[in-house]
Each structure stands twice: as structure tokens, then as C-alpha cells.
Amino acid sequence: MTIITRRQALIGGIAGSGLLLTGCSRIFQADSLTESASFQRVLAAAQSWTLATQRLLLAGGQMATEYKPSDISPHFKANGTYNPGGEYYNRNVAQGFANWRLRIDGLVTHPLSLSVADLRRLPARSQITRHDCVEGWSAIGGWTGVPLALLLRAAGVRSGTRYVVFYCADNLDGEPSKGGEQSPGQYYESIGLIDAMHPQTLIAYDMNGKPLDVAHGAPLRLRVERQLGYKQAKYIQRIQVVSDFRSISGGHGGYWEDRGYDWYAGI
Ligand SMILES: Nc1nc2c(c(=O)[nH]1)N[C@H]1C(S)=C(S)[C@@H](COP(=O)(O)O)O[C@H]1N2
Ligand SMILES: [Mo]
């Protein structure tokens, strides 16, 4: 009974902030209360996160331009990896990503492991934004996902945190993915804590109202809307909270950064 009351309060808070709550009816069903401990933790964190988001917006936080549904590009080019392939990724595609896990670890008090289904039951944000690639093309797309701030709040970011690192399932040296271990050809990215906590920074699972397809990063990708295309990591498996990224892969905070691109890719 107390849980139901708290959830009603929670949903009120989310509705008040203009966010959508996906799968509302499921949230109210008693059996959804038996979900994983990670999921419960994130749900419980949602309310304080809503307040923090409102505070940021009231303080005049810079938002990326959002567009109308009619502005969505009929064709959104896929770039970089179109399909990570390999036994591991292909198996996950065949399973409809039912066994895909998003791990959140590093400098956190509560490491989390969430399924895509868990993420889909959490408060979501939808936004239509423009993606700009350094190769000279842009496209407008609609994204829905869980605000990263909510996940970080649930995991409990520890003091000393400066960056959030995203590990992807694709390897650009053609080496098959090993399911999260870092090798030099593996795509990864990092952003600072301010961008990580920004309300438009999402772990997205839908593009233009449909589950992300393989070309655009299935099942999970980053949207960090005030930065360039190469920061928008696709095929995310793991999020690590760190104080420093010099010891990770090539040491420059991202696959392209290790090959000379700027770490801060502001638009
Ligand atoms: N895992 C992964 N993420 C990635 C890339 C990639 O090759 N692998 N390419 C990046 C680049 S350069 C761009 S422009 C965008 C392209 O996203 P899209 O394929 O959805 O257009 O993804 C970025 N994220
Ligand atoms: Mo790009």
C-alpha cells in the first residue's frame, strides 16, 4: 500500500515535469514490484531526479533546439558501424536483445545491471533534434530514452567523478566483439558530468517511434544533443563513471579522440 502511494506521488511528479512515463499500467501492477533490484533503485531515484531537472531548467540551463515531427528527416544516414556483427552481437539480435544488459559501474555506490525491458519501464523523454556529423552531413531524428541523469542518480555517483565512459559492442578493427571488454579497435566515448546530467542526454532505445535498428545503434545508444555525431555512441553495453580516462584504451576519452578528434565536440 505504501509503495502504491509512493508510486502515485512519483507519477504525479513526472507528469508535472512534462515527461512521459512509458508502460504506466504495468507500473501499477503488483507483479512489476518483483522486478530486479536495479530497476527498483532507478524507479525510486526518479522523483528526486525530476526535481533536480526542474531546478536546472529554472536556472536557465542551455537546451539544444528541438524540432517538430514534420521536421524529421525522411532518411537519416547511418554512419560508422552499420552492424557490429560477430557471434555475440548476432546472437543478441536473434534474441531481440532480451538478454542485453546495460551495466553501470565505476565510481558509484550501487553498480546497476538493467535490461532493455527495465529501461523501457522507466520514465522516458522524447526529443526531436538535429544530428551533425563532422563529415559534413546533418539529419533530424526523434529519440526516446531514459535520461542518463536518472540512471546516474540511482547508481549513486561518488565524489571524484568527472567523466562518464560508454563502451560499445562494435570493433572497428574487425575483431569480433567480446561483450564489453575493451580492445584498441572497440568504439567507446566519454562525456563530462555536466553533459551527463543534462536533461536532453538520453540512453535512447527508440528512433522516430520505433525500436532502434541495427544501423542506428540497437538496442541502446547515447544522445548528447549539444555535441557532434561521433559522441553519440551506439550499441552501448557498459557505462563507467570515472575520475580520469587516461588509462582507458588510447587515453583520449574516445575512439575518434584517440585518433586525433577533439574530446569536447560542442556544436
Ligand atoms: N558504436 C559506435 N558509435 C558510433 C559510431 C560508430 O562507428 N560506432 N559512429 C559515430 C558517428 S561518426 C556518427 S556521425 C554517429 C552516426 O549515427 P547514425 O549511424 O545513427 O547516423 O554515430 C556515432 N557513434
Ligand atoms: Mo560522425
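Below: a short report on this structure.

## Let's talk about the overall build of the protein
Inference 1: When helices and strands are counted, the protein shows seven helices and eleven strands.
Inference 2: Residue burial in the protein is summarised as follows: out of 267 residues, 51% are buried.

## Concerning the packing of aromatic side chains
Inference 1: Counted under the stated rule, the structure contains 15 aromatic pairs.
Inference 2: Measuring from centroid to centroid gives 6.5 Å for Trp263 and Tyr264, while their planes differ by 55°, and the two rings are tilted.
Inference 3: By relative accessible area, which is 25% here, Trp263 ends up partly exposed.
Inference 4: Overall, the relative accessible area of 46% leaves Tyr264 in the partly exposed class.
Inference 5: Members of the aromatic cluster, joined through ring pairs, are Tyr88, Tyr89, Phe97, Trp100 and Tyr235.
Inference 6: Between the NZ or CZ atom of Arg121 and the centre of the ring of Phe39, over which it lies, the distance is 5.2 Å.
Inference 7: Arg259 extends its terminal NZ or CZ atom over the ring of Tyr255, reaching a point 3.6 Å from the ring centre.

## Digging into the site of ligand 1
Inference 1: Taken together, 21 residues are adjacent to ligand 1, and Lys77, Asn79, Asp170, Arg221 and Lys234 come closest.
Inference 2: Backbone polar atom of Lys77 to an oxygen atom of ligand 1: 2.6 Å apart, as the coordinates give it.
Inference 3: Side-chain polar atom of Asp170 to a nitrogen atom of ligand 1: 2.7 Å apart, as the coordinates give it.
Inference 4: Taken by itself ligand 1 offers 530 Å² of open surface, and the protein chains cover 99% of this.
Inference 5: Broken down by secondary-structure element, the contributors of at least two residues to the shell around ligand 1 are β4 (123–133) and β6 (163–171).
Inference 6: Residue composition of the shell around ligand 1, by class: ten nonpolar, seven polar and four charged.

Conventions we followed
Residues numbered from 1 in each chain as written. Chains lettered and ligands numbered in written order. Predicted model: local features only at pLDDT ≥ 70, side-chain atom pairs only at ≥ 80, totals over all residues. Heavy atoms only, no water. Helix = DSSP H or I, 4+ residues; strand = E, 2+ residues; numbered from the N terminus. Buried < 20%, exposed > 50% of the residue type's maximum accessible area, 1.4 Å probe, protein only. Phe/Tyr/Trp six-rings, centres within 6.5 Å; stacked < 30°, edge-to-face > 60°. Lys NZ or Arg CZ within 6 Å of the ring centre and 35° of its normal. Near = heavy atom within 4 Å. Polar contact = N/O pair within 3.5 Å; in protein donor to acceptor, adjacent residues only side chain to side chain. Areas by Shrake-Rupley, 256 points an atom, 1.4 Å probe, with all protein chains shown as cover. Nonpolar A, V, L, I, M, F, W, Y, C, P; charged D, E, K, R; others polar.

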